[in-house]
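Chain residues, written in single-letter form:
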Amino acid sequence: MARKTVLFVHLLNNYTGSPKVLRSVVDCVKKEPDIKISLLTSRTDGFLSCFAGNSCDSVRFYDNGYRWTNCRPLLAFLFLFSQIRMFFFVLLHRFDVIYINTVVPFGAALAAKLKREKIIYHAHEVYINPNFVKRFYIKILKKCADRIVCVSEYVRENLSDIKVPCEVIYNPIEKHDMPNDVEKYLRTKFDKKIIFMPTSLKAYKGVNQFVELARMLPDYRFRLLCSVPLEEIQSYFSDEKLPENLELIGKQKNLFDFYREAAITMNLSLQDKFIETFGLTIAESFDTLTPAIAPNFGGPKEIVSDGENGFLVNPYDLVSVKKAICLIMQDFETYEEFAKKSYTAIDKFAPEVFKKRIISEIKKVLK
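So, how was this worked out
- Residues numbered from 1 in each chain as written.
- Predicted model: local features only at pLDDT ≥ 70, side-chain atom pairs only at ≥ 80, totals over all residues.
- Heavy atoms only, no water.
- Pairing = 2+ DSSP bridges.
- Helix = DSSP H or I, 4+ residues; strand = E, 2+ residues; numbered from the N terminus.
- Axes fitted to C-alpha atoms, helices over the stretch in contact; angles between N-to-C directions.
- Contact = heavy atoms within 4.5 Å.
- Buried < 20%, exposed > 50% of the residue type's maximum accessible area, 1.4 Å probe, protein only.
- Patch = residues over 30% accessible without salt bridge, like charges linked within 9 Å, V, L, I, M, F, W, Y side chains within 5 Å.
- Areas by Shrake-Rupley, 256 points an atom, 1.4 Å probe, with all protein chains shown as cover.
- Salt bridge = Lys/Arg side-chain N within 4 Å of Asp/Glu carboxyl O.
- Disulfide = S-S within 2.5 Å.
- Phe/Tyr/Trp six-rings, centres within 6.5 Å; stacked < 30°, edge-to-face > 60°.
- Lys NZ or Arg CZ within 6 Å of the ring centre and 35° of its normal.
- Parallel < 35°, antiparallel > 145°, perpendicular 65-115°, else oblique.
- Left-handed = near helix turned anticlockwise from the far one by under 90°.
- Nonpolar A, V, L, I, M, F, W, Y, C, P; charged D, E, K, R; others polar.

Novice: What should I look at first to understand the sheet that holds strand E5 (residues 118-123) in this one?
Specialist: In a beta sheet, neighbouring strands pair by backbone hydrogen bonds and run either parallel or antiparallel. Ordered by their spatial adjacency, seven strands build an open sheet running E3-E2-E1-E4-E5-E6-E7, and the pairing between neighbours is parallel. At either margin of the open sheet sits one strand with a lone partner, and together these are strand E3 (59-63) and strand E7 (166-168). Taken over all neighbouring pairs, the strand axes of this sheet differ in orientation by 20° on average, direction set aside. Of the pairings in the sheet, the one linking strand E1 (residues 4-9) to strand E2 (residues 35-41) comprises six bridges and is parallel in character. When the sheet's bridge partners are listed, Val9 is paired in E2 with Leu40. On top of the sheet, helix H2 (residues 72-92) reaches E1, E2, E3 and strand E4 (97-101); it is set at about 175° to E1, its chief contact. Helix H3 (residues 106-115) contacts E1, E4 and E5 of the sheet and is inclined by roughly 155° relative to E5.

In structure tokens, the structure reads:
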């Protein structure tokens, strides 16, 4: 029996959530003996870079030509160029399934639809600005998708009018073992009082609110880690006098040690500008027994149990956010209870469950 071919498509390879999830998908599928894999994405530094070298014989890597730049006109040109390049790449090659990660690579979707090849969308986002761009992406998805994988119930609800099979498969979290001395480990986290926020360097991600919280809580240490070089973060805040208890950290390949040191992980995405559809950093922090404070909107509501392993808040109401921090940290016994409940909450994100369901979705289309 001939091996089936699957092409995975993603626009920008970097160290954010969607390419990290796609890496998990590719890692699952490449172990299937009856499937051949190709990957079309940008040849940039990110979670998918491991497939770009000669060391990965099981995945054929192709560059879509996209690059990130702060020059808006150049960025627009590179975006259109990459979409055209992806369109003709798919048009000129044969694949059994086109697996499109996020709703953005519409060029590949249009070419696959033109050739009547099967298309799976992995939908991470539904809150896109400006609104006309969102309508365009969703219209392409409606016209092209044969199946849709959604990262949360929130995403599926927002795509409920699309008449194709739509399955919720939560992003996978590799669960580490409990520390040998849990009480000592948690006591260290509690005493350090580090409030940690890993995020993109965007105003709508609540980075300015995080800085203001640092001013409001001078007895705590605040760490802001953004997925860009440190120089860009410093430039962003160049006109502002930052509080002394705030540390800025540039992009990192692995956040595990940062979560281990933190007392609380924050997500402050502003709901009128951007709604988190899952909240990967929240689930990752739970793996290290780190409670979280997150918006009471979108995907985080499916991860955080309010008042048990963290709090759901309105990020604009910083007084309430401050109160939530203080409630978790009011004493060690309270903190310990929040921390242990956060660890048990990630069982539903087990990689084994993710792998089984992803393979199932792809094989349904291949059949």
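Don't stop here, the text continues.
Novice: Is there a simple way to think about unusual backbone geometry in this case?
Specialist: Trans peptide bonds make up the majority, and among non-glycine residues the majority have a negative phi. The phi dihedral of Thr102 is positive, around 75°, even though this residue is not glycine. Judged by relative accessible area, Thr102 falls into the buried class, the value being 6%.

Novice: How do you make sense of a nonpolar patch on the surface when you look at a structure like this?
Specialist: On the surface, a cluster of nonpolar side chains totalling about 280 Å² of accessible area is made up of Leu74, Phe77 and Phe81. Mapped onto the fold, Phe77 is located in helix H2. Given a relative accessible area of 52%, Phe77 falls into the exposed group.

Novice: What is the right way to look at the state of the cysteines in this model?
Specialist: Here, disulfide denotes a covalent bond that connects the sulfur atoms of two cysteines. Applying the stated criterion across every chain yields a total of zero disulfides. Between Cys144, a cysteine without a disulfide, and Cys166, which holds the nearest cysteine sulfur, the sulfur-to-sulfur distance is 15 Å.

Novice: Is there a simple way to explain the packing of aromatic side chains in this structure?
Specialist: What characterises a pair of aromatic rings is the spacing of the ring centres plus the angle enclosed by the ring planes. Taken as a whole, this structure holds 22 aromatic pairs when the rule is applied. Here Phe210 and Phe222 contribute two aromatic rings whose centre-to-centre distance is 5.2 Å and whose plane-to-plane angle is 70°, an arrangement assigned as edge-to-face. Pair noted here: Phe210 is in helix H7 (residues 207-216) and Phe222 is in strand E9 (residues 221-226), with a separation of 12 residues, a long-range link. One aromatic cluster in this structure is built from Tyr66, Phe79, Phe106, Phe136 and Tyr137. Here the guanidinium or amino end of Arg187 rests over the ring plane of Phe332, the centre of that ring lying 3.9 Å away. Sitting over the ring of Tyr220, Lys193 keeps its end group 5.3 Å from the ring centre.

Novice: Looking at this structure, how should I read the pattern of salt bridges?
Specialist: Two side chains of opposite charge can pair, provided their charged atoms sit close to one another. As enumerated under the stated definition, the model contains 23 salt bridges in all. For Lys363, the salt bridge is made with Asp34, and the minimal N-O distance between the two is 3.9 Å. Here the residue Lys363 occupies a position in helix H13 (residues 351-366), and Asp34 occupies one in the loop between helix H1 (17-29) and E2, the gap between them amounting to 329 residues. On the accessibility criterion, Lys363 (26% relative accessible area) is partly exposed. Accessibility expressed as a relative area gives 33% for Asp34, which makes it partly exposed.

Novice: Can you help me understand the packing of H3 against helix H4 (residues 131-144) in this one?
Specialist: Two numbers describe a pair of packed helices, the interaxial angle and the distance between the axes. Viewed as axis vectors pointing N to C, H3 and H4 meet at an angle of 25°, and their least axial separation amounts to 10 Å. One way to sum up the angle between H3 and H4 is to call them roughly parallel. Like other packed secondary-structure pairs, H3 and H4 cross with a definite hand, here left-handed. Where H3 abuts H4, its residues Phe106, Ala109, Leu110 and Lys113 lie against Phe136, Tyr137, Ile140, Lys143 and Cys144. Residues that form the contact of H3 with H4 fall into these classes: seven nonpolar, no polar and two charged.

Novice: Explanation requested: the environment of Ile98 in the structure shown.
Specialist: Following the sequence through the fold, Ile98 ends up in strand E4. In this structure, the C-alpha to C-alpha distance between Ile98 and Val6, residues 92 residues apart in sequence, is 5.9 Å. Excluding anything up to four places from it in sequence, Ile98 contacts Leu7, Val9, Val90, Ala112, Glu117, Lys118, Ile119 and Ile120.

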